[in-house]
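Architecture and fold: a report
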Amino acid sequence: AKIDQVIVGKKEKKQAKHIFRTLLDATVKDGTITTDNNATTGVKSSVSSEEELIFEHHAVFALELAVRSLFCNRIHAQELFPIFMSKFEAILRTCIDCSDSRQVQLQNPYLMERAMVTVLRSCIHMIDQPEMRPYLFESLARLIQLPPIFLCHVCDRLACGMAIILLCSYSHLKEVDEWVIVGDLLDCCAQYESGRQFI
């Protein structure tokens with residue numbers, strides 16, 4: 001209850017942005033921070049598997065708190081959500097290792113999965129806000145680019161989220177390009193047996 005009052009509850013815009021940004025800064029390694037213009041900086045370093053696991057659990061906890069803060073402060077969502085998107089890109093950069101040209105390596109897949117689910121939850125809860133739709137569909141389009149080595153394990157969650165969006169919010173899909181993004185994501189899900197059960 002105290003966490004809700006101190007961190008997650010409704011805030012004035014400046015305070016909401018500060019709390020939201022601070023929580024998201026904990027989701028990327030090595031002191032990567034989010035600046036006022038939403039840029040991210042930071043470098044990777046070698047850490048032990050135990051340190052990776054501790055970081056991942058702390059990062060997921062911070063991300064979940066940030067999401068709750070976002071939903072409590074929907075009135076400020078147009079300014080908060082781009083902060084999440086810049087951090088989402090940073091998470092993908094640090095979690096997807098393309099240094100080996102023969103195979104993509106994943107780090108912190110649990111954090112990646114929670115970030116993907118955050119995008120889906122945001123769409124489910126905020127797609128009815130016209131000013132948010134460009135940001136939300138930009139984030140959905142980013143999911144299409146997730147590597148198959150990751151999608152094959154999470155496509156059931158992706159397909160379930162897309163099914164909820166279609167069932168509950170299809171009337172909010174106004175533009176052709178929005179339907180194209182939805183169709184492309186459903187096609188991604190249909191490539192895997194666990195995703196086909198929802199579509």
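Each remark here, short or long, concerns the structure printed above.
Keep in mind that this is a model prediction, so the values were computed, not measured.

Definitions and limits used
Residues numbered from 1 in each chain as written. Predicted model: local features only at pLDDT ≥ 70, side-chain atom pairs only at ≥ 80, totals over all residues. Heavy atoms only, no water. Salt bridge = Lys/Arg side-chain N within 4 Å of Asp/Glu carboxyl O. Helix = DSSP H or I, 4+ residues; strand = E, 2+ residues; numbered from the N terminus. Buried < 20%, exposed > 50% of the residue type's maximum accessible area, 1.4 Å probe, protein only. Contact = heavy atoms within 4.5 Å. Expected span 1.5 Å × (residues − 1). Phe/Tyr/Trp six-rings, centres within 6.5 Å; stacked < 30°, edge-to-face > 60°.

Moving on, we come to the pattern of salt bridges. Side chains that differ in charge, positive against negative, can pair when their charged atoms come close. The final tally for this structure, using the stated rule, is 11 salt bridges. We note a salt bridge from R74 to D128, for which the minimum N-O separation is 3.3 Å. Taken together, the residues R74 in the loop between α3 (49–72) and α4 (77–95) and D128 in the loop between α5 (109–126) and α6 (133–144) connect sequence positions 54 residues apart. For R74, a relative accessible area of 28% gives the class partly exposed. Taking relative accessible area as the criterion, D128 reaches 39% and is therefore assigned partly exposed. Measuring nitrogen to oxygen at the nearest pair gives 3.1 Å for the salt bridge that ties D156 to R157. Under the relative-accessibility criterion, R157 is labelled partly exposed at 33%. Taken together, the salt bridges that share partners define one network made up of E64, E113, R114, R121, D156 and R157.

Tracing the backbone through its elements, the reader meets I199 in the segment after α9 (193–196). Measuring from C-alpha to C-alpha, the distance between I199 and M162 comes to 8.6 Å, with 37 residues separating the pair along the chain.

Assignment of secondary structure puts H76 in the loop between α3 and α4. Setting aside its immediate chain neighbours within four residues, H76 contacts K11, E12, K13 and A16.

Along its 19 residues, α4 runs 26 Å from first to last C-alpha, staying within 8% of the 27 Å computed at 1.5 Å per residue. Summarising burial for α4: 15 of the 19 residues are buried, a large majority.

Before going further, it helps to examine the packing of aromatic side chains. In total, this model carries two aromatic pairs according to the counting rule given. Ring centres 5.5 Å apart and planes at 45 degrees place the aromatic pair F81 and F84 in the tilted group. With F81 and F84 both in helix α4 and three residues apart, the pair spans about one turn of that helix. The burial state of F81 is the same as that of F84; both residues are buried. Their ring planes at 10 degrees and their centres at 5.8 Å tell us that F84 and F88 sit as a pair that is stacked. Pair noted here: F84 and F88 are both in helix α4, with a separation of four residues, about one helical turn. For the pair F84 and F88, one class covers both residues: buried.

By themselves these figures say nothing about function.
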